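# Structural features, examined
Below are the chains, spelled out letter by letter.
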Amino acid sequence: TRTQVGIVGGGPAGLMLAHLLDLAGISTVVVDDRTRHEIYTTVRAGILEHDTVRLLVDSGASRRVLTEGYEHEGIELAFGGGRHRIDFAELVGASAWLYPQTEVFADLADARERAGGDVRWGVRGTEVLDTTSDAPRIRFTAADGSAQEVVCDHLVGADGSRSQCRRSIPEEARVQTGKEYPFAWFGILCDAPPSAPELVYSHSPLGFALVSQRTESVQRMYFQCDPDEDASAYSDDRIWSEMAARLAPNGVEVVQGPITSKAVLRFRSFVHEPMRHGRMLLAGDAAHTVPPTGAKGLNLALADVRLLAELLERAVKKGDDDALEEYTGRALARVWKAQHFSYWMTTMLHALPGATPFDVRRQEAELASLVSSRAGRTFLAEGYTGWPERAAR
Ligand code: DHB
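A few points on the structure. Source: prediction; values computed, not measured.

### Observations regarding the packing of helix α9 (residues 297-318) against helix α10 (residues 327-349)
Packing of α9 against α10 leaves a shortest axis separation of 10 Å and a crossing angle of 165°. By the angle between their axes, α9 is roughly antiparallel relative to α10. Of the two elements, α9 crosses α10, and the hand of that crossing is right-handed. Taking contact as the criterion, the partners of L300, A303, D304, L307, L308 and L311 in α9 are, on α10, Y327, R330, A331, R334, V335 and A338. Tallied by class, residues from the contact of α9 with α10 come to nine nonpolar, no polar and three charged.

### Side note on the sheet that holds strand β13 (residues 184-191)
Strand order in the open sheet formed by seven strands is β6-β5-β14-β15-β16-β13-β17, and the pairing between neighbours is mixed. On the outer flanks of this sheet lie β6 (82-87) and β17 (259-265), each paired with one strand and no other. Direction aside, neighbouring strands of the sheet carry axes that sit 15° apart on average. As paired strands, strand β14 (residues 200-202) and strand β15 (residues 209-211) are joined by three bridges and run antiparallel to one another. Note on β15: the bridge partner recorded for V200 is V211. Helix α8 (residues 236-247) contacts β5 (74-79), β13, β14, β15, β16 (218-225) and β17 of the sheet and is inclined by roughly 75° relative to β16.

### Here we look at the packing of helix α1 (residues 12-23) against α9
Two numbers describe how α1 lies on α9: the axes approach to 9 Å, and their chain directions differ by 30°. Put simply, α1 runs roughly parallel to α9. Here α1 runs over α9; the crossing is right-handed. Along its contact with α1, which presents P12, A13, M16, L17, L20 and L21, the element α9 presents L298, A301, L302, D304, V305, L308, A309 and L312. Its residues assigned to classes, the contact of α1 with α9 comprises 13 nonpolar, no polar and one charged.

Rules of the game
- Residues numbered from 1 in each chain as written.
- Predicted model: local features only at pLDDT ≥ 70, side-chain atom pairs only at ≥ 80, totals over all residues.
- Axes fitted to C-alpha atoms, helices over the stretch in contact; angles between N-to-C directions.
- Helix = DSSP H or I, 4+ residues; strand = E, 2+ residues; numbered from the N terminus.
- Parallel < 35°, antiparallel > 145°, perpendicular 65-115°, else oblique.
- Left-handed = near helix turned anticlockwise from the far one by under 90°.
- Contact = placed C-beta atoms within 7 Å.
- Nonpolar A, V, L, I, M, F, W, Y, C, P; charged D, E, K, R; others polar.
- Pairing = 2+ DSSP bridges.

Rendered as structure tokens:
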């Protein structure tokens, strides 16, 4: 098969890129070693920035986000025995939207199907070859067992944090930086009504907790745990008491209900530079990952492909070979802001193992300074709702 842009990875980044390129009249083939069902049923985050929603709607990829998503004009920070609202609408005139990443994926997969896009799910043994030549190739075994090769003009690695594409780049051509955290999130889904009108991010001496939502009858919540914890060893009762221990002191009560999903989510901060190697470009988690606090991962991945679609269009249709040279610099400006934001939210709200009373009181003072200052609240609101496209440079 011959195509203009070959895309490894059929998650939201890969599918959104295929969608945008299709609108520009550029052909794509997407391959993923997971099935569509596997991707759809992997629980991911649920918060979309203002411009992410705009991209989904304006590109025609999703109308459902507006009818089935929930607009949130703020969040609450809970700490030091009290709750404090950050009013995004008043501070920055923007909001965030609650709409699960799995639904973003479903909408994008439907859009590919409607457009007759070439997406190969459930392939095996994907390899990328000749990435610095004029004709990079993707080789794989299709779901029906046949050996396949896609030859393309440009190749995009949107294949997630364990990216095969990234690993194909020689050691000497890349710089990787990152940070590990000595804690993880215990994430649950439960059948219950919402516990609060908006998301509640809670700091306590026992650690972080987050009360998020999915629908009127399904809720998503997290609490800080040790990375080596075994999720299946936790009974529902134990989970509710861990949640309450972190939330009740701040005046937050959770409405309990049957827990339908339990998992320990480890995380890290990671950036790979550059994001281009010859004719291969990396997008989303393949190039960078953030800790989950603040839900920047999906938003960042979609910002990458929005930019990449614009640059690929210049390269493919106008023969402007310099266009792709701009990619790493322009994408990384936003990536590093999001790295800082996610690191900041994470370290401000979690309890470090072995934290002294000084450490806890210092964090509480940081949070108190933040919420008592309009400048502080505005800084958080700008980052949470997403830096506008131009300002991110
Ligand atoms: C969710 C996840 C996050 O990391 C976050 O900051 C907010 C919400 C979620 O899954 O709902």
